[in-house]
Amino acid sequence: MSNPVVNLVVFVLLVGLLFFLFRPAKGWFWIIRNSVKTNPKIITEDILKQMYTLENMGESIFTEELKEELEYNNSTLDEVMETMATSGLIEFDGGEVSLLPMGREYAIKIVRVHRLWEKYLAEKTGFDKTEWHPRAEKMEHQLSHEETNVLATKLGNPTYDPHGDPIPSHLGEITNINGEHLVDLEVDTVGKIVHIEDEPAVIYRQILAENIHIGSHIRVVENNEKRVVFYSEGEEFILAPEVARNLTIEVFAEDVDIEEDAVRLSALRSGESAEILGISKECRGESRRRLLDLGFVKGASIHIGLVSPLSNPKAYIVKGSAIALRDDQAAKVLIKKK
């Protein structure tokens with residue numbers, strides 16, 4: 001039997017501990033959190049990366065707008081930016097601020113760490129894609145130059161991150177993104193998705209919810225001020241123009257032949273059979289290797305063997321074996337129905 005006095009003592013100690021850790025302003029949780037939020041190095045790097053992003057978009061950078069974008073106290077930002085100007089990282093011109101060569105070089109190093117870490121999370125871990133960006137935001141401040149080079153080597157020195165953003169080399173060289181915004185394409189344009197912008201987060205979440213994949217071939221079927229409609233992998237997608245602007249398309253030449261009959265395995269129905277055309281680039285790392293090991297290779301025949309009571313997952317028969325896949329997994333396998 002439990003002792004009421006002991007239970008009461010334990011409860012009081014627990015409450016005291018929680019108060020000690022989380023009491024407003026003076027609790028250890030808030031002390032640690034605020035020390036991170038006011039770390040001059042982290043603030044400097046956040047400012048440089050935000051300025052680099054705006055600069056690449058061709059936008060003028062205004063001090064007040066920069067303060068609105070970054071979640072720091074204005075007086076703290078003013079102090080850090082004055083130090084950055086003194087150090088030769090940035091310069092002021094009235095209400096505008098711009099990167100100096102040294103600041104741009106520093107910013108590129110931060111961007112490199114961020115994008116390499118996103119690549120690592122996509123290829124080597126099981127974290128959901130919605131977690132890649134915020135986790136990389138933290139790691140970009142922690143890896144040294146040497147550790148970054150080790151990470152790049154481990155990943156095979158990739159040139160693009162999972163969203164299609166170019167990863168700077170250790171020398172700061174950056175490959176261009178060759179393509180046009182989906183919202184700017186004419187009807188009947190055919191191409192391939194080569195980049196998905198992950199900011200702002202609210203628009204990126206909409207794109208993820210639509211299950212749109214890097215590397216997918218598309219054909220634009222409608223484009224006006226109200227919506228952009230395109231056909232891809234057996235499905236029709238309807239996006240608002242502001243969302244479509246976050247997709248970059250590599251436009252194919254007129255004589256390029258695309259696989260119009262390619263659809264996602266998730267579109268296969270009971271009684272139908274198909275031939276596997278390949279696995280989407282959206283399927284990475286261990287998940288991709290697992291599918292290949294299970295026989296999901298180009299040319300293999302596939303059909304549905306069993307459907308669960310809720311129709312998800314389904315058991316697919318590949319090379320004589322039954323493999324259960326959820327619809328979101330099956331959407332990353334491309335097939336041609338027979």
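Above: the structure in question.
Fair warning: this is a prediction, and the values are worked out from it, not measured in the lab.

A.B. asks: Honestly, the overall build of the protein in this entry has me stumped. Any pointers?
C.D. replies: The secondary structure content of the protein amounts to 12 helices and 14 strands. Here the protein, with 338 residues, has 39% of them falling under the buried criterion. Considering only intrachain contacts with a sequence separation of at least 6, the fraction spanning at least 24 residues in the protein is 62%. As displayed, the protein offers around 19,200 Å² of accessible surface, 54% of which is attributable to carbon and sulfur atoms.

A.B. asks: Got a minute to help me understand the side chain of Thr-63 in this structure?
C.D. replies: Within the secondary structure, Thr-63 sits in helix H4 (residues 63–69). When sequence neighbours within four positions are dropped, the list of residues in contact with Thr-63 reads Met-81, Phe-92, Gly-95, Glu-96 and Val-97.

A.B. asks: What is the right way to look at helix H7 (residues 129–139) in this model?
C.D. replies: The periodicity of an α-helix, 3.6 residues per turn, causes residues three or four places apart in sequence to face the same way. Those residues of H7 that fall on the buried side of the exposure criterion are Lys-129, Trp-132, His-133, Ala-136 and Met-139. An end-on view of H7 places all buried positions within 135° of arc, on one side of the element. Along its buried surface, H7 packs onto helix H6 (101–124) and helix H9 (201–209).

A.B. asks: I tried to follow the packing of helix H3 (residues 40–56) against helix H5 (residues 74–86) on my own but got confused; where do I start?
C.D. replies: For any two helices packed against each other, one specifies the inter-axial angle together with the distance between the axes. At a closest axis distance of 10 Å, the pairing of H3 and H5 adopts a crossing angle of 80°. With respect to their mutual orientation, H3 and H5 come out roughly perpendicular. Between H3 and H5, the residues in contact are Pro-40, Ile-43, Thr-44, Ile-47 and Leu-48 and Thr-76, Leu-77, Val-80, Met-81 and Met-84, respectively.

A.B. asks: I'm lost on unusual backbone geometry in this one. Help?
C.D. replies: As a rule of thumb, non-glycine residues mostly have phi less than zero, and peptide bonds are mostly trans rather than cis. In this model, Glu-199 is joined to Pro-200 through a cis peptide bond whose omega is -5°. Note that Pro-200 resides in the loop between strand S4 (190–196) and H9. Omega for the bond connecting Asn-312 with Pro-313 falls within 30 degrees of zero, at 15°, which places this linkage in the cis form. As for its placement among the helices and strands, Pro-313 is situated in the loop between strand S11 (301–307) and strand S12 (314–318). One non-glycine residue with positive phi stands out, namely Asn-211, at about 60°. Relative to the elements of secondary structure, Asn-211 occurs in the loop between H9 and strand S5 (217–223). Residue classification places Asn-211 among the partly exposed residues on the basis of a relative accessible area of 25%. One non-glycine residue, Glu-233, lies in positive phi territory at about 50°.

What counts as what
- Residues numbered from 1 in each chain as written.
- Predicted model: local features only at pLDDT ≥ 70, side-chain atom pairs only at ≥ 80, totals over all residues.
- Heavy atoms only, no water.
- Helix = DSSP H or I, 4+ residues; strand = E, 2+ residues; numbered from the N terminus.
- Buried < 20%, exposed > 50% of the residue type's maximum accessible area, 1.4 Å probe, protein only.
- Contact = heavy atoms within 4.5 Å.
- Areas by Shrake-Rupley, 256 points an atom, 1.4 Å probe, with all protein chains shown as cover.
- Arc of directions from axis to C-beta.
- Axes fitted to C-alpha atoms, helices over the stretch in contact; angles between N-to-C directions.
- Parallel < 35°, antiparallel > 145°, perpendicular 65-115°, else oblique.

By themselves, these observations are geometric and do not establish any function.
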